[in-house]
Amino acid sequence: MDFSRFRMPFREDRLFSILVFLALVVPLAFTLGTYENFETVKYALWLVISGAALLALWPKQTAGEQIGGQWKVYKPFFLVLAGFWLLALVSAVFSLDPIYSIFGFYHRFTGSVAFYTLWIIFLVLLFKTLNCEKFEFLAKVLVFDAFAVAVVGFMQSLGIAYYEGLESGGFLRSPSLLGNPNFSTMFLAGTLPFALLLLWQSKKFSAKIYYGLAAFSIVLSILALSSRGALLGLAVGIITGFFLLARYVLPKKVLLVSILAAVICTALGLAFLKVTRPAALSNFSDVNVTLRLKVWKISVKGIAGQPWLGSGPGTFQIFFERLRPPYLAGSNGLFDDAHNLYIQLAATSGLPFLAAFLGLLGIAAWAGFSEFKKSRGLWPLAGLVSLVALAVAMGFNPVSIPNYLLLAVILAGLVLPKARGYELSFPIWVKIGIKILGGIFVLAGIAFMSGEIIFSMGYRQYFAGNYRKAARLNAWAFYLDPANSDIALYRIGSEIKSGKTGRGVVLEIENFKRMHPSAVYTYTQAANLYHLLAKQSHSLQDLQLAIDNLDQSLKMDPYASERYGNLGLFYYESGDYSRATAAIKQGLSQYDDFFPSWILLAKIYQLQDNRPAALQAIEQAYKLHPDILQVKFMWEQAQAQPDIKNVPIEVLVAEGKLE
């Protein structure tokens with residue numbers, strides 16, 4: 001049997017082979033062995049493989065060969081790309097938080113200078129090695145990725161294999177291999193045009209079966225996971241494709257048949273959506289939509305205040321904390337992303353940075369359209385449709401690492417026909433410097449991934465009660481990954497739980513605060529650490545430090561209502577019932593559905609022998625959670641007992657999580 005046909009094409013090109021491997025594994029990789037299961041491993045792999053690509057950029061030259069001298073350059077695109085990177089760097093210099101700007105907010109690595117650098121290097125290396133045949137092969141690899149993502153996503157939607165999240169009244173909206181249904185469907189929408197084109201061009205029956213199944217699975221999974229942004233992006237992309245085909249390629253009869261097929265598919269898709277996500281297209285007033293619109297409104301207001309450089313790459317969560325309005329007081333979760341890439345880029349790095357990014361998309365779209373108009377080729381058309389689908393979907397969702405990878409491939413493929421070849425030579429120190437950079441990327445990726453795995457082990461040991469072991473593991477993790485403040489948080493927490501107290505711990509907490517001094521959450525986390533320390537040391541001084549730090553966080557973000565409840569708890573534990581009551585009432589005046597605050601308020605009124613006020617607080621807690629038997633019993637006892645002090649009121653204190 002001849003096995004040579006199974007060997008990878010273009011294997012003689014080491015650089016291209018490495019880039020193909022990057023495109024193959026980054027979208028598919030995930031692990032349950034880290035604190036965050038998807039983006040972490042993808043980012044680490046991108047770092048390591050990019051480093052390997054830089055190391056392979058200039059192999060040893062054999063006699064008579066000219067290797068590595070030819071570079072493809074399209075000057076307008078490369079000038080805008082250079083401006084894109086320089087603007088990110090300048091914004092980082094003036095950032096609210098340099099660490100976030102360099103490395104990204106944890107779990108959101110794509111908003112950092114480090115990631116932009118990796119992305120640009122990947123683009124440049126694609127131009128170094130790509131031609132039309134290689135681009136088609138790279139598209140086949142991405143279609144394979146999409147096929148796998150689609151199959152896993154649909155299986156999870158049926159409850160098979162790992163899943164998380166339930167869309168009420170419909171299928172499970174699974175994370176698939178990208179960690180989020182919106183990430184997965186965006187990737188699928190961007191690869192579907194390539195799958196359809198490969199199906200159309202396939203000559204072998206087996207290939208037609210493969211690409212037909214891939215395209216069918218992609219469509220089925222997009223419908224099952226039901227991301228409105230991806231569906232809209234796909235629809236706009238298809239309309240764009242039909243328009244261009246009608247104008248330049250298809251006879252009218254073929255066009256009419258195609259339009260009829262599209263209408264039938266749309267009707268079937270809408271019918272399917274009634275099963276998968278009934279309210280996806282009929283209800284735009286759900287909290288997911290309205291909250292996103294509010295964040296966009298806040299972001300636009302913030303952009304107007306700092307339009308040139310923004311708050312700094314990777315700092316959207318700080319940007320949001322500082323602008324949180326009163327009507328979002330009950331939403332205590334962090335918005336670390338605007339759920340709109342264009343608003344995100346403008347808010348964090350300024351309008352010129354956004355203009356540079358749009359310039360990259362615009363140049364690629366123009367280049368692809370020019371090539372399609374000239375050659376009537378279907379590959380430029382597929383690239384254009386994919387770019388349009390991604391560009392629309394990016395306006396409604398965060399953009400994950402695999403989608404940035406897909407975008408880079410599309411941009412390179414569209415611009416490639418416009419690029420000219422240049423024979424460039426570099427001094428030896430440049431070649432050595434690039435190889436050193438490649439080695440740094442490889443080591444950084446290995447260290448980063450190792451630190452994350454060890455942190456995950458330490459995190460689990462912390463919640464298992466093995467605090468000494470957790471402290472050792474988290475110390476090693478922080479050594480390997482010193483940019484992750486969550487590791488520092490649990491390292492200190494593990495030490496406190498192990499019995500470490502005193503001035504040394506206080507110094508560690510103060511050093512922890514210096515990592516992100518502009519972030520409100522830093523002071524909330526420091527307050528949690530000081531509260532944990534006070535529990536161990538029984539020191540009112542440590543408890544006062546917890547109060548001071550939480551008070552500082554509320555001065556910076558006065559509309560985080562839940563934190564007023566925590567401040568009330570700290571005052572309650574210090575014996576200052578007057579300030580505890582005032583803090584709790586302040587939080588409840590902003591958002592009166594915070595259940596633990598009503599229980600704590602009832603306890604304080606009980607200690608003050610204020611039966612009417614205690615009864616009212618217990619009643620409010622019961623109305624919020626009549627399903628909790630202890631609360632129901634408490635309410636019944638409060639009504640029956642003439643002496644409120646005889647009612648068993650237990651204060652709810654959240655133990656464990658520090659973030």
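Residues numbered from 1 in each chain as written. Predicted model: local features only at pLDDT ≥ 70, side-chain atom pairs only at ≥ 80, totals over all residues. Heavy atoms only, no water.

## Description of helix 20 (residues 503-513)
So, step 1. Buried within helix 20 are the following residues: Val-505, Val-506, Glu-508, Ile-509, Phe-512 and Lys-513. One face of helix 20 carries all of its buried residues, which in axial projection span an arc of 160°.
So, step 2. Its buried side turned inward, helix 20 meets helix 19 (485-497), helix 21 (520-537) and helix 22 (540-556). (Buried < 20%, exposed > 50% of the residue type's maximum accessible area, 1.4 Å probe, protein only. Helix = DSSP H or I, 4+ residues; strand = E, 2+ residues; numbered from the N terminus. Arc of directions from axis to C-beta. Contact = heavy atoms within 4.5 Å.)

## Comments concerning the pattern of salt bridges
So, step 1. In the structure shown here, the tally under the stated rule is 14 salt bridges.
So, step 2. In this structure, Glu-508 engages Lys-500 in a salt bridge whose closest nitrogen and oxygen atoms are separated by 2.8 Å.
So, step 3. Residue classification places Lys-500 among the partly exposed positions, given a relative accessible area of 36%.
So, step 4. Taken together, the salt bridges that share partners define one network made up of Arg-491, Glu-495, Lys-500 and Glu-508. (Salt bridge = Lys/Arg side-chain N within 4 Å of Asp/Glu carboxyl O.)

## A word on helix 3 (residues 75-93)
So, step 1. In a regular helix each residue adds 1.5 Å, so 19 residues correspond to 27 Å; helix 3 covers 27 Å between its end C-alpha atoms and thus fits that length.
So, step 2. Taken together, the buried positions of helix 3 are occupied by Phe-77, Leu-81, Phe-84, Ala-88, Ser-91 and Ala-92. Down the axis of helix 3, the buried side of the element spans an arc of 105°, and every buried residue falls inside it. Exposed and facing more than 90 degrees away from the buried side of helix 3 are Lys-75, Leu-79 and Val-93. (Expected span 1.5 Å × (residues − 1).)

## Regarding the environment of Leu-192
So, step 1. Note that Leu-192 resides in helix 7 (residues 181-201).
So, step 2. Sequence separation of Leu-192 and Ile-218 is 26 residues, and the distance between their C-alpha atoms is 6.7 Å.
So, step 3. Discounting residues that sit within four places of it in the chain, Leu-192 has contacts with Ala-215, Ile-218, Val-219 and Leu-234.

## Comments concerning unusual backbone geometry
So, step 1. Of note, Arg-376 is a non-glycine position whose phi angle comes to about 55°, a positive value.
So, step 2. As for its placement among the helices and strands, Arg-376 is situated in the loop between helix 14 (351-375) and helix 15 (378-393).
So, step 3. Of note in this structure, Asp-609 is not a glycine but carries a positive phi near 60°.
So, step 4. Among the structural elements, Asp-609 can be located in the loop between helix 25 (595-607) and helix 26 (611-624).

## Side note on a nonpolar patch on the surface
So, step 1. Residues Ile-428, Trp-429, Ile-432, Ile-436, Leu-437 and Ile-440 make up a contiguous nonpolar surface patch of about 640 Å² in total accessible area.
So, step 2. With respect to the element layout, Leu-437 can be found in helix 17 (residues 428-463).
So, step 3. Given the relative accessible area of 32%, Leu-437 is considered partly exposed. (Patch = residues over 30% accessible without salt bridge, like charges linked within 9 Å, V, L, I, M, F, W, Y side chains within 5 Å. Areas by Shrake-Rupley, 256 points an atom, 1.4 Å probe, with all protein chains shown as cover.)

## With respect to the packing of aromatic side chains
So, step 1. On inspection of all chains with the given rule, the structure shows 46 aromatic pairs.
So, step 2. Ring geometry for Tyr-100 and Phe-105: centres 5.2 Å apart, planes at 80°, overall edge-to-face.
So, step 3. Note on Phe-105: relative accessible area 13%, which makes it buried.
So, step 4. Its guanidinium or amino end placed over the ring of Trp-71, Lys-128 lies 5.3 Å from that ring's centre, counting from NZ or CZ.
So, step 5. Positioned above the aromatic ring of Phe-478 is the side chain of Arg-491, whose terminal nitrogen or guanidinium carbon lies 5.0 Å from the ring centre. (Phe/Tyr/Trp six-rings, centres within 6.5 Å; stacked < 30°, edge-to-face > 60°. Lys NZ or Arg CZ within 6 Å of the ring centre and 35° of its normal.)

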